[in-house]
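Structural overview for review
Spelled out, the chains give:
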Amino acid sequence: MRRPRSRRCRAAEAAAAALLLLLGTACGSRLPESDFEHRDHPAATAREPLRVGILTSATSPVGGDAFTGPGDGARAFFDRLNARGGIDGRRVEVRTCDDGGSGVGNNACVHRLIDEDKVVALVATTVLDYAGASRVSHARVPDIGGQPIGAAYDTWPHLYGIYGSLAPRDGTPGWHGTLYGGTEVYRYFRREHGARTAAVVSYNQAASAAYARLVERGLRAEGYRVVAEQVDFALPNFRAVAADLKQQGADLVFDALDTHGNALLCEAMDEVGARVTAKVTNVQNWTSTVPDDYRDAPHCRNALWATGSSRNLDDTGDPAVREFRTATRGLRTHSQWQLEGWAAARWFTDAARSCARQGITRACVDAWMNRSQGFTAGGLLLPVAFERLPEPPKTRRTCLSVARWRDGRGWVSQGDMNRTCFDVPQLPYAP
C-alpha cells in the first residue's frame, strides 16, 4: 500500500514557538509491554455523556494565551456537535484541566482526567511539560491530536500527535533517542522565491540557541549562506541585529524568539530599512492578532510568512475552513492552533462513531486511531501517518502549507498544500 505523504517532524518547531522552556521534555523510562496489560475502563453506559479530557497549560511561565488555542478549537467543535445531537445520541462532555505549565501539575491533571473523571480519550493536548505522558500511555488512553511540544508524541504508544509520527513509539524518543526533521521549509523559499541568504536570530539562552543551531543546519543543507545573530535575553539590542541583517543582504529571517521579541525585531528592521523576502514564523504565531502584535512595523508585518501542516485559517473558500470559522465566529481572535484543535476533535468524533455499535471504549477508539492512516479532517490537515518505522528515513516526500500576511486581506494562501511538496533529507536532532 502506498504510504500517505507526510511532513517534517514538528516537535522542534513547536519548541521554538513556545520558546526557551520547551526543548526540554520529561520522557520517562521505557516500560516493558507487560506494564500495558490492564483492563480498559468502559465508557459511560448508553445515553450517558461521553467524557473527553482537554489538558492544557492555560497558565504557564510562557504566558496566559500561549497554549489555549487547540483547546478552544476542540471545545467549539464539541459544542457544535452537541447542538446537532452528539455521537449516537450521546452528548460529549468536556472535562478540562490546566496543569499550570509544570510537570507536577501535569501529572496531577493526568490523574484527575484518567482515574477520577474516567475520560474515554484526551483531545488536543497542549502542554509545556508533558510529564504525565507515560501514565497516559500506561493506561492505554488514546491522546488524540495533541501538539508535539517536546518528544512525547514520538515516544509513547497510544499518543497520536496532530502531525503523526514515523517513530517506533516504544518508550524511547524517536529512534534510540534521536528525532529527525526535514528541510522542506528552506527548500520552498529557495526554489519558489530564489532565496540564498538566511538569517537566524536567537537569544543567548540554551534552548533558544539550540533551536537556532538546528535551523542553521537545515539551511546549510539546502545551500544557503547563513547569518547567525544572537541577542542578550535580558537586554536585547534588536536594532544592531536589524542593521547587520540589512548589511548582510538577508533574503529570509528565521528566529528562536518569543512573540514579543519578534515584534521588537520587526520594529527594528523597519527603523533601519531592512527589507527581506520573508520573515518566516511558525504555526503558533499564525494568528489573527498580527495587526496588533506588529502594529509598529508595517513593512516587516507584510513580509510575515507562516508554514505548517494544516489548511490556512483564512482560506474561507474551503468548505471545511468555512465551517470552522462559522462555528468560532464568537471567539475574540482566531488562530491556526484553534483550527488544529477543531481537527483533533473531529478525529476523535470519527473514531467514536465507528465504535458506536460495539461500545465507545478507550480500547475501541485507540484501535481505530491505529488504523487512521491518511486522516485529513475533511481536508484541514495534510494526510497524517503513524508508521512505526524500525529505522529513520533518510529522505521523505514532504508537503507543507504556506501563507503570507497581507494588510486588509489577512493570511493569504500560497499554493495548494497538497501539491507544495519536496523530497528532502531528514536531519537528526536531540529532543
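Residues numbered from 1 in each chain as written. Predicted model: local features only at pLDDT ≥ 70, side-chain atom pairs only at ≥ 80, totals over all residues. Heavy atoms only, no water.

Section: the overall build of the chain
- The secondary structure content of the chain amounts to 13 helices and 15 strands.
- Of all 431 residues assigned to the chain, the portion counted as buried reaches 58%.
- Nonlocal contacts in the chain, meaning residues at least 24 apart in sequence, comprise 72% of its contacts between residues at least 6 apart.
- Entry remark: accessible area of the chain is about 16800 Å², with carbon and sulfur atoms responsible for 47%. (Helix = DSSP H or I, 4+ residues; strand = E, 2+ residues; numbered from the N terminus. Buried < 20%, exposed > 50% of the residue type's maximum accessible area, 1.4 Å probe, protein only. Contact = heavy atoms within 4.5 Å. Areas by Shrake-Rupley, 256 points an atom, 1.4 Å probe, with all protein chains shown as cover.)

Details of the sheet that holds strand β12 (residues 395-399)
- The 3 strands lie next to each other as β6-β15-β12, forming an open sheet whose pairing is antiparallel. Pairing within the sheet leaves two strands with one partner each, and these edge strands are β6 (179-182) and β12. Averaged over neighbouring strand pairs, the angle between their axes works out to 45° when direction is ignored.
- Pairing analysis gives 5 bridges linking β12 to strand β15 (residues 421-429), with the strands arranged antiparallel. Across the sheet, the residue bridging to Cys399 is Cys421, located in β15.
- Sitting on the sheet, helix α5 (residues 184-193) touches β6, β12 and β15, and the angle it makes with β15 is about 140°. (Pairing = 2+ DSSP bridges. Axes fitted to C-alpha atoms, helices over the stretch in contact; angles between N-to-C directions.)

Brief notes about the confidence of the model for the chain
- Of the residues in the chain, 89% reach a pLDDT of 70 or more, and the chain-wide mean stands at 90.
- Segment residues 1-9: pLDDT under 50, and 40 contacts once partners within four positions in sequence are set aside and those in other chains are kept.
- Every residue in residues 15-46 is under pLDDT 50, and counting partners more than four places away or in other chains gives 74 contacts. (pLDDT = per-residue confidence, 0-100.)

Considering the pairing of strand β11 (residues 304-308)
- Counting buried positions over the 5 residues of β11 gives 5, a clear majority of the element.
- Because side chains alternate across β11, one face comprises the buried residues Leu304, Ala306 and Gly308, and the other comprises Trp305 and Thr307, equally buried.
- By the bridge criterion, 3 bridges tie strand β10 (residues 278-281) to β11 in an arrangement that is parallel. The residue of β11 that forms the bridge with Val280 is Trp305.
- When β11 meets strand β13 (residues 401-406), the two strands line up antiparallel, connected through 4 bridges. Paired with Thr307 across the bridge in β13 is Val402.

Some details on the nonpolar core
- With 80 residues, the main nonpolar core has Phe78, Val123, Met269, Trp347, Phe348 and Trp411 as its most contacted residues.
- Take this core: its biggest share by element is 11 residues, from helix α12 (residues 336-355).
- Listed in part, the 27 residues of the second largest apolar core include Val185, Val215, Leu252 and Phe422. (Core = buried A, V, L, I, M, F, W, Y, C linked by side-chain atoms within 4.5 Å.)

Observations concerning the state of the cysteines
- Evaluated as defined, the whole model comprises 4 disulfides.
- One disulfide in the model links Cys355 with Cys364; its S-S distance is 2.1 Å. The chirality of the disulfide connecting Cys355 with Cys364 is left-handed, given an S-S dihedral of about -100°. Side by side, Cys355 and Cys364 carry an identical accessibility label, which is buried.
- Here the cysteine-cysteine linkages of the chain are recorded as 1-2, 3-4, 5-6, 7-8, numbering only bonded cysteines and doing so in sequence order. (Disulfide = S-S within 2.5 Å.)

Describing the packing of helix α2 (residues 69-83) against α12
- Their axes nearest at 6 Å, the elements α2 and α12 cross at an angle of 45°. The angle between α2 and α12 falls in the class oblique. The handedness of the crossing between α2 and α12 is right-handed. Facing α2, whose interface residues are Gly69, Pro70, Asp72, Gly73, Ala74, Ala76, Phe77, Phe78, Arg80 and Leu81, α12 presents Trp337, Gln338, Gly341, Trp342, Ala345, Arg346, Phe348, Thr349 and Arg353.
- Per-class residue counts for the contact of α2 with α12 are 10 nonpolar, 5 polar and 4 charged. (Parallel < 35°, antiparallel > 145°, perpendicular 65-115°, else oblique. Left-handed = near helix turned anticlockwise from the far one by under 90°. Nonpolar A, V, L, I, M, F, W, Y, C, P; charged D, E, K, R; others polar.)

Focus: the packing of α12 against helix α13 (residues 362-370)
- At a minimum axis distance of 9 Å, the contact between α12 and α13 shows a crossing angle of 115°. The two elements α12 and α13 meet at a crossing, and its hand is right-handed. Across the interface between the two elements, Trp347, Phe348, Asp350, Ala351, Ala352, Ser354 and Cys355 of α12 pack against Cys364, Val365, Trp368 and Met369 of α13.
- Class assignment of the residues belonging to the contact of α12 with α13 gives a composition of 9 nonpolar, 1 polar and 1 charged.

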